[in-house]
Amino acid sequence: MFSDNKKPRPMNEFGGQPNRIEKNTKIKGDITSEADFRIDGKLEGNVKTSGKVVIGKDGYINGKVECVNADIEGKFNGELSVAELLSLKASAIIEGTVSVSKLAVEPGATFNAACTMGKGAASTSGSAPKLQSTKSNEPAKAS
């Protein structure tokens with residue numbers, strides 16, 4: 001009757017159980033992993049993963065993050081490089097530079113970042129045209 005419960009749960013497709021930095025935990029340093037990350041504490045340093053990074057409502061990262069997908073509810077300050085989808089929840093506060101393929105922003109999110117967006121933007125930073133403003137009332141022009 002409940003035989004489906006006996007099937008083993010599939011592991012994360014990127015290499016194992018997700019990693020967690022719990023609330024009231026502070027870490028200084030760099031992290032490299034193939035699994036997903038959830039940060040509810042504070043991290044000063046860099047994160048590089050071939051999985052997903054989730055910054056919880058109380059989470060904070062100051063540094064560089066390279067990942068495939070990201071969901072942010074908390075605070076981020078630094079350089080964020082997301083190969084696929086970056087999802088900003090209403091409570092998110094982002095500052096710094098962002099390179100992303102797809103961006104989803106809920107109303108209420110604070111996004112104070114220089115953003116490069118498009119397919120391959122996260123993997124080839126610096127390849128997008130630079131925008132220059134000619135006059136204050138005219139739109140920026142690509143050069």
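Bear in mind the structure is a predicted one, so any value in this text is a computation, not a measurement.

(A) Representation of the overall build of the protein chain in the model. Each helix and strand counted, the protein chain has zero helices and 14 strands in total. Reading the protein chain from its N end, one meets helices and strands in the order β-β-β-β-β-β-β-β-β-β-β-β-β-β. The buried share of the protein chain, reckoned over its 143 residues, is 31%. Within the protein chain, residue pairs in contact and separated by at least 24 positions form 3% of the contacts whose partners lie at least 6 positions apart. Taken as a whole, the protein chain presents about 9200 Å² of accessible surface, with 50% of it coming from carbon and sulfur.

(B) Region of interest: the pairing of strand 8 (residues 60-67). Alignment of strand 5 (residues 42-44) against strand 8, held across three bridges, turns out to be parallel. Bridge pairing in strand 8 places K42 opposite Y60. Relative to strand 8, strand 6 (residues 47-49) is paired through two bridges, and the arrangement is parallel. Paired with K48 across the bridge in strand 8 is E66. Pairing analysis gives eight bridges linking strand 8 to strand 10 (residues 75-88), with the strands arranged parallel. When the sheet's bridge partners are listed, K64 is paired in strand 10 with E79.

(C) Region of the structure containing the nonpolar core. If you look at the biggest cluster of nonpolar residues, it comprises 23 residues, and the most contacted ones within it are V53, V65, I72, L80 and L86. Only strand 4 (37-39), strand 7 (52-55), strand 8, strand 9 (69-72), strand 10 and strand 11 (93-105) provide two or more residues apiece to this core. When residues of this core are assigned to their parent elements, the largest contribution, five residues, is made by strand 10. Non-local contacts of L80, meaning those with residues more than four positions away in its chain, are made with V65, I72, L86, T97, V98 and S99.

Thresholds, definitions, all that
Residues numbered from 1 in each chain as written. Predicted model: local features only at pLDDT ≥ 70, side-chain atom pairs only at ≥ 80, totals over all residues. Heavy atoms only, no water. Helix = DSSP H or I, 4+ residues; strand = E, 2+ residues; numbered from the N terminus. Buried < 20%, exposed > 50% of the residue type's maximum accessible area, 1.4 Å probe, protein only. Contact = heavy atoms within 4.5 Å. Areas by Shrake-Rupley, 256 points an atom, 1.4 Å probe, with all protein chains shown as cover. Pairing = 2+ DSSP bridges. Core = buried A, V, L, I, M, F, W, Y, C linked by side-chain atoms within 4.5 Å.

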